[in-house]
Amino acid sequence: MKNKIIAHRGAWKEFNLPQNSVASLKKAIELKCFGTEFDVHLTNDHIAVINHDTDFFGLNIETTNYNDLLIKELPNGEKLPTLNDFYSEGLNQTETKLILEIKTSEIGGTDRTKQLIDVIVNELPTNANPENLEFILFDFDSAVYLKNKLPAFFVHYLEGDKTASEILKSGLSGMDYNYNLLLADKNIIKEFKDLNLKTNSWTVNNLEIAKEFILQEIDCITTDYPQLFLQSCL
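Looking at an unreviewed UniProt entry, the chain carries the name Glycerophosphodiester phosphodiesterase, with the source organism given as Paenimyroides baculatum.

A. Structural view of the packing of helix α1 (residues 22–31) against helix α3 (residues 83–90). Interhelical geometry of α1 versus α3 gives an angle of 25° and a closest axis separation of 10 Å. Relative to α3, the element α1 lies roughly parallel. The crossing of α1 and α3 is right-handed. Listed contacts from α3 to Val-22, Leu-25, Lys-26 and Ile-29 of α1 are Asp-85, Phe-86, Glu-89 and Gly-90.

B. Quick peek at empty space enclosed by the protein. Evaluation of the coordinates by the stated rule reveals one cavity of 30 Å³ or more. Reported here for the largest cavity is a volume of approximately 40 Å³. Lining the largest cavity we find His-41, Leu-42, Glu-62, Lys-103, Thr-104, Ser-105, Arg-112, Thr-113 and Leu-116. Listed by contribution, the elements that provide at least two residues to the lining of the largest cavity are β2 (35–42) and α4 (109–122). For the lining of the largest cavity, the leading source of residues is α4, giving three residues.

Cut-offs used in this document
- Residues numbered from 1 in each chain as written.
- Predicted model: local features only at pLDDT ≥ 70, side-chain atom pairs only at ≥ 80, totals over all residues.
- Heavy atoms only, no water.
- Axes fitted to C-alpha atoms, helices over the stretch in contact; angles between N-to-C directions.
- Helix = DSSP H or I, 4+ residues; strand = E, 2+ residues; numbered from the N terminus.
- Parallel < 35°, antiparallel > 145°, perpendicular 65-115°, else oblique.
- Left-handed = near helix turned anticlockwise from the far one by under 90°.
- Contact = heavy atoms within 4.5 Å.
- 1 Å grid on protein atoms, 1.4 Å probe; cavity = no way out; pocket = protein on both sides within 12 Å on 5 of 7 lines; lining within 4 Å.
- Points joined across faces, edges and corners; volume = space filled by probe spheres on them.

Next comes the structure, spelled out in structure tokens:
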């Protein structure tokens, strides 16, 4: 592979599937993407669930118990998936890696984000390993906290406000920065690679930008169009 394509919230957009659904996860695996990214929140009763926004069809995930969230459903009829649902589908195959984004808590900041991390760490399946699961976060302190809890796993930082040397010093595995930052400063990818840190970019939906990053030997590209990119970038 010349590049590694990560399906952003699963392979949903090209196939008219709900983002962050089990269906979009399955489709990303079917496409044989390198990875499929998804977003994890903590319910009021400490269940890890998959959704991008804190709001799930009018219900605040962080202040609602999981069973109460089941009254709503995704457009394809799925109930709100749990992290265990994604593990069941994603850790029993070897085509596609799970890229788990830990969402920063809107009601408790870093402290509650760390509670979510504790739930994830304590409930990590025995078949989870660095080959089939890695983590991304916007909250830097939480990212370092997670890396200390799971030192063998890749943990990448999303916010974009840390240099390569700062990421190296923190012990994190690399960066997953917005493509605009990497376009504005063409040295970022090289600086990270020179320190043997992993490089990724979100959310790249323009093929020309993707090809520019590939020329810079970026490790991964996260996109809403994994099928198109797999057909065009390899």
